[in-house]
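Architecture at a glance
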Amino acid sequence: MISEKLRKNIESKLGTSMPSAAWKKMQSYCSTKAIKKKEIVLREGQFCDQLFFVEKGLMYSYQVTNDLDNQVTQIAYEDFWISDLYSFFSKKPAIYHIKALEDSHIVCISRDNFEKACLEIPVLERFFRILFQNAYVSNQRRLIQNIHEEASARYCQLLEQKPEIIRRVPQYILASYLGIKPQSLSRIRKKWSDGK
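What to know about helix H1 (residues 4-14)
All of the buried residues along H1 are Leu6, Arg7, Asn9, Ile10 and Leu14. Take H1 and look down its axis: the buried residues cluster within an arc of 160°, on one side only. Residues Lys8 and Ser12 are exposed on H1 and point more than 90 degrees away from its buried face. Against helix H2 (20-29), strand E1 (30-35), strand E3 (50-56), strand E6 (81-82), strand E8 (104-110) and helix H5 (122-148) lie the buried residues of H1. Two or three places before Lys5, at the start of H1, stands the capping residue Ser3, its side-chain oxygen 3.2 Å from that residue's backbone nitrogen. The positive-phi residue at the C-terminal boundary of H1 is Gly15, with phi of around 75°.

Side note on unusual backbone geometry
Working note: non-glycine residues mostly have negative phi, and peptide bonds are mostly trans. Although it is not a glycine, Lys38 sits at a positive phi angle of roughly 75°. Examined against the element boundaries, Lys38 turns out to sit in the loop between E1 and strand E2 (40-42). Notably, Asp79 is not glycine yet its phi reads approximately 80°, a positive angle. With relative accessibility at 38%, the residue Asp79 sits in the partly exposed group.

Brief notes about the packing of helix H4 (residues 111-120) against H5
At a minimum axis distance of 5 Å, the contact between H4 and H5 shows a crossing angle of 120°. On the basis of their axis angle, the class for H4 and H5 is oblique. In contact with Phe114, Ala117, Cys118 and Glu120 of H4, H5 contributes Pro122, Leu124, Glu125, Phe128 and Phe132.

Comments concerning the packing of aromatic side chains
In this structure the tally under the stated criterion is 13 aromatic pairs. Ring geometry for Tyr60 and Tyr62: centres 5.2 Å apart, planes at 25°, overall stacked. Assessed through its relative accessible area of 6%, Tyr62 is described here as buried. Judged by centre distance (4.8 Å) and plane angle (50°), the ring pair of Tyr77 and Phe80 falls under tilted. Among the aromatic residues, those joined into a cluster by ring pairs are Phe53, Trp81, Phe88, Phe89, Phe114, Phe127, Phe128 and Phe132.

Calculation rules
- Residues numbered from 1 in each chain as written.
- Predicted model: local features only at pLDDT ≥ 70, side-chain atom pairs only at ≥ 80, totals over all residues.
- Heavy atoms only, no water.
- Buried < 20%, exposed > 50% of the residue type's maximum accessible area, 1.4 Å probe, protein only.
- Helix = DSSP H or I, 4+ residues; strand = E, 2+ residues; numbered from the N terminus.
- Arc of directions from axis to C-beta.
- Contact = heavy atoms within 4.5 Å.
- Polar contact = N/O pair within 3.5 Å; in protein donor to acceptor, adjacent residues only side chain to side chain.
- Axes fitted to C-alpha atoms, helices over the stretch in contact; angles between N-to-C directions.
- Parallel < 35°, antiparallel > 145°, perpendicular 65-115°, else oblique.
- Phe/Tyr/Trp six-rings, centres within 6.5 Å; stacked < 30°, edge-to-face > 60°.

Okay, here's the thing in structure tokens:
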């Protein structure tokens, strides 16, 4: 059974309640999965044919760089979506790994069911358009921040906007997400805690 968390997520993006018939149909297109901590749900090079909604837990996506570091690109906790959208839409091999940082429970929708849902439930086509627009804008903003803003400013913004991430994500993953070394993040956190 798909929980009401997903319905609330959809309704919050739409700004209106979702009709019961549409919600029942949406539920029929989804499946759920329990994921263990450190379990990889997608490997770079595989084909990503699912979108994942995090009902409970914490997941992240990353790329392995040439010097074998992990470059974290997305962190998703409760009420967030995660996937490799490049692979999902292009039908080409995934460019990211997706891994659980905590025991997690996710809702999955396959590419085929995503297409059916968008065709048969117009409100969902609007929801996914808003979702993907927001994701694009967020990625663009993050790219600009990484180019133009100091690491301490990026950390402060993350602390203000998503304090849950700061509390739950290991420092080395958080540093990678911010585009800095763990030692730099330690210095920033120390200055922040000292009130400087």
